[in-house]
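# Coordinate analysis (summary)
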Amino acid sequence: MNVVEKRDFIHSHLHRANEKTINELYEKLRNEEVLKAKLESRAQKSEDDIQAGRVFLREELEQRIANPGCK
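Just so we're clear, the structure is a prediction, and the values are computed from it rather than from any experiment. (Residues numbered from 1 in each chain as written. Predicted model: local features only at pLDDT ≥ 70, side-chain atom pairs only at ≥ 80, totals over all residues. Heavy atoms only, no water.)

## Quick notes on the overall build of the chain
Of the regular secondary structure elements, the chain holds 3 helices and 0 strands. Of the regular secondary structure in the chain, the N- to C-terminal order runs α-α-α. In summary, the chain has a C-alpha radius of gyration of 22 Å against a globular reference of 11 Å for 71 residues, an excess of more than 25%. The buried share of the chain, reckoned over its 71 residues, is 0%. Entry remark: accessible area of the chain is about 7,100 Å², with carbon and sulfur atoms responsible for 55%. Each charge class in the chain was averaged separately, 14 positive and 14 negative side chains, and the resulting centres sit 4 Å apart. (Helix = DSSP H or I, 4+ residues; strand = E, 2+ residues; numbered from the N terminus. Rg over C-alpha atoms; globule rule 2.2 N^0.38 Å. Buried < 20%, exposed > 50% of the residue type's maximum accessible area, 1.4 Å probe, protein only. Areas by Shrake-Rupley, 256 points an atom, 1.4 Å probe, with all protein chains shown as cover. Lys, Arg positive; Asp, Glu negative; His and termini not counted. Charge placed at Lys NZ, Arg CZ, Asp CG, Glu CD.)

## Examining a nonpolar patch on the surface
A contiguous nonpolar patch, built from Met1, Phe9, Ile10, Leu14, Ile22, Leu25 and Leu29 and spanning about 640 Å² of accessible area, is present on the exposed surface. Elements with a minimum of two residues in the nonpolar patch: helix H1 (3-13) and helix H2 (19-52). The biggest single contributor to the nonpolar patch is H2, with 3 residues. Checked against the element boundaries, phenylalanine 9 lands in helix H1. Judged by its relative accessible area of 45%, phenylalanine 9 is partly exposed. (Patch = residues over 30% accessible without salt bridge, like charges linked within 9 Å, V, L, I, M, F, W, Y side chains within 5 Å. Salt bridge = Lys/Arg side-chain N within 4 Å of Asp/Glu carboxyl O.)

## Let's talk about the environment of alanine 66
For alanine 66, the position within the fold is in helix H3 (residues 58-66). In this structure, the C-alpha to C-alpha distance between alanine 66 and aspartate 48, residues 18 residues apart in sequence, is 26 Å.

## Some points on the pattern of salt bridges
One side chain can pair with another of opposite charge once the charged atoms of both are near each other. Considering all chains together, one arrives at 5 salt bridges under this definition. A salt bridge links glutamate 24 to lysine 20; the nearest nitrogen and oxygen atoms lie 3.6 Å apart. Here glutamate 24 pairs with lysine 20, and both are found in helix H2, just 4 residues apart, close to one helical turn. Under the relative-accessibility criterion, glutamate 24 is labelled partly exposed at 47%. Across the pair glutamate 32 and lysine 28 runs a salt bridge whose closest N-O atoms are separated by 3.9 Å. Taken together, the residues glutamate 32 and lysine 28, both in helix H2 and 4 residues apart, mark about one turn of the helix. Glutamate 32 sits in the partly exposed class, given a relative accessible area of 43%.

Below is the structure:
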């Protein structure tokens, strides 16, 4: 069954789903939206850091990883 067929099946049977199933589907979809928003926000912050020159050289990063207590 392909994605379109699955969507059609879900759509046609949604009105018969019990509250538990509806709640599970709602939470799953809501969590996906929250994750998507977080990832987009992180990506934008990273782009802003790059544009502002807030980056580390590879050597600096490796040194920070090797010595976590030092800045």
